[in-house]
Amino acid sequence: MLQPAEILAAVVFLPLVGALVLALFPAGDHNNLKGTAIGLTTANFLLSLLLWGNFRPGPGYQMELNLAWIEPFGIHFHLGLDGISLVLVILTTFLMPLTLLGAWSAVEHRVKEFVIAMLALETGMLGAFVSLDLFLFYLFWEAMLIPMYFLIGIWGGQRRIYAAVKFFIFTMAGSLLMLVAILVVATQPTGGFDFSLATALTRDFAPQTERLLFWAFAIAFAIKVPMFPVHTWLPDAHVEAPTAGSVILAGVLLKLGVYGFVRFAFPMFPNAALAAAPVLGWLAVIGIVYGALVAWVQPDMKKLVAYSSVSHLGFCMLGLAAMTTEGVAGAIFVCIAHGISTPALFLLVGMLYERRHTRVLADYGGIARKVPIFAFFLVMTVMASAGLPALSGFPGEFLVLLGTYTSPHGLGRIWTIVAATGVILAAVYLLWMTQRVLFGPLQNPANEDLQDMNAREIVTLVPLMVMAVFLGLHPSTILDKIEPASTRFVQLVHQGSGTNYQADAGALRRSSGVQMRPTTPSIQLPIRGQNPGGPPPGAFQRVPGLRGLDMVAPVKEQ
């Protein structure tokens, strides 16, 4: 019987083992290659559900596996999960078999190399989400770059080489900055190295050094999100990538940038992070509006969806910049919701492209009467992406706006107003696309014989639609897992910087006369530069919070 930590390791490395097995298959046996890859990734998804079942909501890491690896340099093979990484792991394993199933007829050359690249990519993404050692995280972070580069460069469109090289240069530039910062953080004042995340969280740096280290990490993660203005690689990568590459890029890879801010950049450098929060907040709201406006004027469906990702991921970064429990929990929920609706949009665009070999909006119009099943799925996906209440896009955006409005930043209300226009614009450009594609007169004769979705395509999209509805009606399924970890994140940053701040519900946050009512012992975290034996001013205690979960608030000075 596998222990939970062993299950975690198995989930990470099963796709890579599967890739090695598939390397032994004959290159021309396309159906067996595709079927085996789908079977392996489905098995990995089912295995990852054991992680969900074994996880108990709480602020700390669970199912940890910590093995000495390169001891002279303080490097450990250290894996672990909290609520945030858990939901992102489940999202990754959930999307991979659907992506391969959706690509069944889209990839017909070098199939063996394609499925091996997809499986290797899955291991890289999963490893990055659960690594608690800086060296190990960087290893998985870089490992993702290689298969995605080949997915774009080999199976992409006409400008695939340009898009692949641009993706590689942007990502590698940020990664090299992060590598330098990791080496500085791991170098101990007493000599030697320690790449443990737990040790990194206790390090103190001079203010100037901390700012430089924070921005080295932040630039790498901002490129991956991507944030405005380092987003320009994304539209080219999305447009030229095969459908499977676009699905994984939007569904998982972009979330690693947000995750990097949560797991590393903000907690390790809290003073610099809080100082940079206004800059990140402004860049986030600019990205929300800019991405929406540019998406509105795109003539190409795939590029429209690509720019919509720039806008949606802006909400994630806005929630982090707000530095409130609601904002952070909402940011992670937006990651999950975007990882369901946007991959579905890319799959639908890919299905149309396979039939008509064009993604230009003007080439369609009125096709709903010819492809009613496709029309149903497209409308449902558009509604979820636009944030319609009762669908998955709504809870996360609502929490981000709530957390931003109640943020201690003086700019919080302005950010909320500007970001809310992005919600309106999302409805505009998505409904405009839907109207141009599905409705109106059927004027293009080439669409007369358009075939509706087949059984394989329906099976691919049904799980995504089910999740879009389920998470819209039961957001607590995700929020119950991520709220304790979100609270811990807020606590780490504010306690690390010594700020006196309430991370509770919005009305309490601005009140100076709140009566604190501790209910359970506070999370014991190392306080930088202070004796953790007692609760000094600026330390945190628990108060009742969202939906019965305790939030953290500082002990007031007497």
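Above this text is the structure in question.
Sequence positions are assigned chain by chain, starting from 1 and proceeding in written order. pLDDT decides what is reported in this predicted model: residues at 70 or higher carry local features, side-chain atom pairs at 80 or more are listed and counted, and totals for whole chains, interfaces and linings draw on all residues regardless. To get the side-chain values, take all heavy atoms of the structure and skip hydrogens and water.

Okay, the overall build of the protein next. Along the backbone of the protein there are 19 helices and four strands. Looking at the protein as a whole, 61% of its 558 residues qualify as buried. We call two residues in contact when some of their heavy atoms are within 4.5 Å. Considering only residue pairs separated by 6 or more positions, the protein has 79% of its internal contacts joining residues 24 or more positions apart. Residue exposure ignores everything except the shown protein chains as possible cover, and the areas themselves are Shrake-Rupley values with a 1.4 Å probe. Of the accessible surface of the protein, which amounts to about 20000 Å², a share of 67% is contributed by carbon and sulfur atoms. Starting at the N terminus, helices and strands are each numbered in turn, a helix being any DSSP run of H or I of at least four residues and a strand any DSSP run of E of at least two. Exposed residues in this analysis have more than 50% of their type's maximum accessible area, buried residues have under 20%, and partly exposed residues fall in between, with area computed by a 1.4 Å probe over protein chains only.

A cis amide bond links Val225 to the next residue, Pro226, at an omega of -5°. Examined against the element boundaries, Pro226 turns out to sit in the loop between helix 8 (207-224) and helix 9 (233-240). For the bond from Phe228 to Pro229, the omega torsion is 5°, close enough to zero to count as cis. Position of Pro229 relative to the elements: it lies in the loop between helix 8 and helix 9. Positive phi values are uncommon outside glycine, yet Met63 reaches one of about 55°. Take Met63: it is sitting in strand 1 (residues 62-70). Take Met63: its relative accessible area is 10%, and that puts it in the buried class. Here the phi dihedral of Met323 falls at roughly 55°; this positive angle occurs in a residue that is not glycine. With respect to the helices and strands, the residue Met323 is situated in the loop between helix 12 (301-322) and helix 13 (325-356).

Aromatic pairing here means that ring centres of Phe, Tyr or Trp (its six-membered ring) are within 6.5 Å. Orientation follows from the plane angle: under 30 degrees is stacked, over 60 is edge-to-face, and everything else is tilted. Within this structure, the stated rule accounts for 29 aromatic pairs. Their ring planes at 65° and their centres at 5.9 Å tell us that Trp69 and Phe135 sit as a pair that is edge-to-face. Placement of the pair is Trp69 in strand 1 and Phe135 in helix 5 (residues 134-155), with a sequence separation of 66 residues. Through pairs of rings, three or more aromatic residues link up here, namely Phe137, Trp141, Phe205, Phe214, Trp215, Phe217, Phe221, Phe261, Phe264, Phe266, Phe269 and Phe489. Two thresholds decide whether a charge sits over a ring: the Lys NZ or Arg CZ must be within 6 Å of the ring centre and within 35 degrees of the ring normal. The positively charged end of Arg356 is found above the aromatic ring belonging to Tyr364, 5.6 Å away from the centroid. A cation sits over an aromatic face here: Arg359 above Tyr353, 5.1 Å from the ring centre.

Position of Met465 among the secondary structure elements: in helix 17 (residues 455-473). Judged by its relative accessible area of 8%, Met465 falls in the buried class. Ignoring sequence-local partners within four residues, the contact set of Met465 consists of Ala344, Phe377, Met380 and Thr381.

We now examine helix 4 (residues 111-130). By definition here, a helix of n residues has an expected span of 1.5 Å times n minus one. Across its 20 residues, helix 4 extends 29 Å between first and last C-alpha, which sits within 8% of the 28 Å expected from 1.5 Å per residue. Most of helix 4 sits out of view: 17 of its 20 residues are buried.

Quick look at a nonpolar patch on the surface now. Candidate patch residues must exceed 30% relative accessible area and have no salt bridge, after which like charges are joined if within 9 Å and Val, Leu, Ile, Met, Phe, Trp or Tyr side chains if within 5 Å. A pairing counts as a salt bridge when a side-chain nitrogen of Lys or Arg comes within 4 Å of a carboxyl oxygen of Asp or Glu. A surface patch of nonpolar side chains, about 340 Å² in accessible area, is lined by Ile161, Val165, Phe168 and Ile169. Mapped onto the fold, Phe168 is located in helix 6 (residues 160-186). By relative accessible area, Phe168 is classed as partly exposed at 32%.

Relative to strand 2 (residues 75-81), strand 1 is paired through six bridges, and the arrangement is antiparallel. Opposite Asn66, over in strand 2, you have His78 as the bridge partner. When DSSP finds two or more bridges between two strands, those strands count as paired. Connecting the antiparallel pair strand 1 and strand 2 is a turn made up of four residues, with Gly74 showing a positive phi of about 65°.

The subject of this paragraph is helix 3 (residues 83-102). Under the 1.5 Å per step criterion, the end-to-end length of helix 3 is 29 Å for 20 residues, consistent within 8% with the ideal 28 Å. When you tally the buried positions in helix 3, you get 20 out of 20 residues, the bulk of the element. You can read the cap of helix 3 off the contacts: a side-chain oxygen lies 3.2 Å from the backbone nitrogen of Ile84, and it is on Asp82. Between N or O atoms, a polar contact is any pair within 3.5 Å; within protein, one atom must be a potential hydrogen donor and the other a potential acceptor, and residues adjacent in sequence are included only when both atoms are from side chains.

All right, on to the environment of Tyr353 then. You can see Tyr353 is positioned in helix 13. Separated by 247 residues in sequence, Tyr353 and Ala106 place their C-alpha atoms 9.6 Å apart. Ignoring sequence-local partners within four residues, the contact set of Tyr353 consists of Thr358 and Arg359.

A few words on the packing of helix 8 against helix 10 (residues 243-268). Any two packed helices are characterised by the angle at which their axes cross and by the distance between the axes. Axis definition: a line fitted to C-alpha atoms, over the contacting stretch in the case of helices. Angles run 0 to 180 degrees between N-to-C directions. Remark: helix 8 packs on helix 10, axes separated minimally by 7 Å, with the N-to-C direction vectors making an angle of 165°. In terms of axis orientation, helix 8 runs roughly antiparallel to helix 10. Like other packed secondary-structure pairs, helix 8 and helix 10 cross with a definite hand, here left-handed. Residues Phe214, Phe217, Ala218, Phe221, Ala222 and Lys224 of helix 8 form the contact with helix 10, whose own contacting residues are Leu253, Leu254, Leu256, Gly257, Gly260, Phe261, Phe264, Ala265, Phe266 and Met268. Angle categories: roughly parallel below 35 degrees, roughly antiparallel above 145, roughly perpendicular from 65 to 115, and oblique for all the rest. In a left-handed crossing the near helix is turned counterclockwise from the far helix by less than a right angle, and in a right-handed crossing that turn is clockwise.

What follows covers the packing of helix 5 against helix 10. Where helix 5 meets helix 10, the axes come as close as 12 Å, and the angle between the chain directions of the two elements is 160°. When the axes of helix 5 and helix 10 are compared, the pair comes out roughly antiparallel. Remark: the crossing between helix 5 and helix 10 carries left-handed chirality. Contacts between helix 5 and helix 10 involve Leu134, Phe137, Trp141, Met144 and Met148 from the former and Gly245, Ile248, Leu249, Leu253, Leu256, Phe264 and Met268 from the latter.

This brings us to the side chain of Thr404. For Thr404, the location among the structural elements is in helix 15 (residues 393-405). A distance of 2.7 Å separates a polar side-chain atom of Thr404 from the backbone oxygen of Val400.

A full pass over the atoms with the stated rule returns eight salt bridges. Of the charged contacts, one joins Arg263 and Asp82 as a salt bridge, the two residues approaching to 2.7 Å between their closest N and O atoms. Of this pair, Arg263 sits in helix 10 while Asp82 sits in the loop between strand 2 and helix 3, and the two are 181 residues apart along the sequence. The same class applies to Arg263 and to Asp82, which are both buried. Taking the shortest distance from any N to any O, the salt bridge between Arg159 and Asp236 comes out at 3.6 Å. Taken together, the residues span a long stretch of sequence, with Arg159 in the loop between helix 5 and helix 6 and Asp236 in helix 9 at a distance of 77 residues. Several salt bridges converge on common partners, so that one network encompasses Arg159, Lys166 and Asp236.

Structural measurements only, silent on function.
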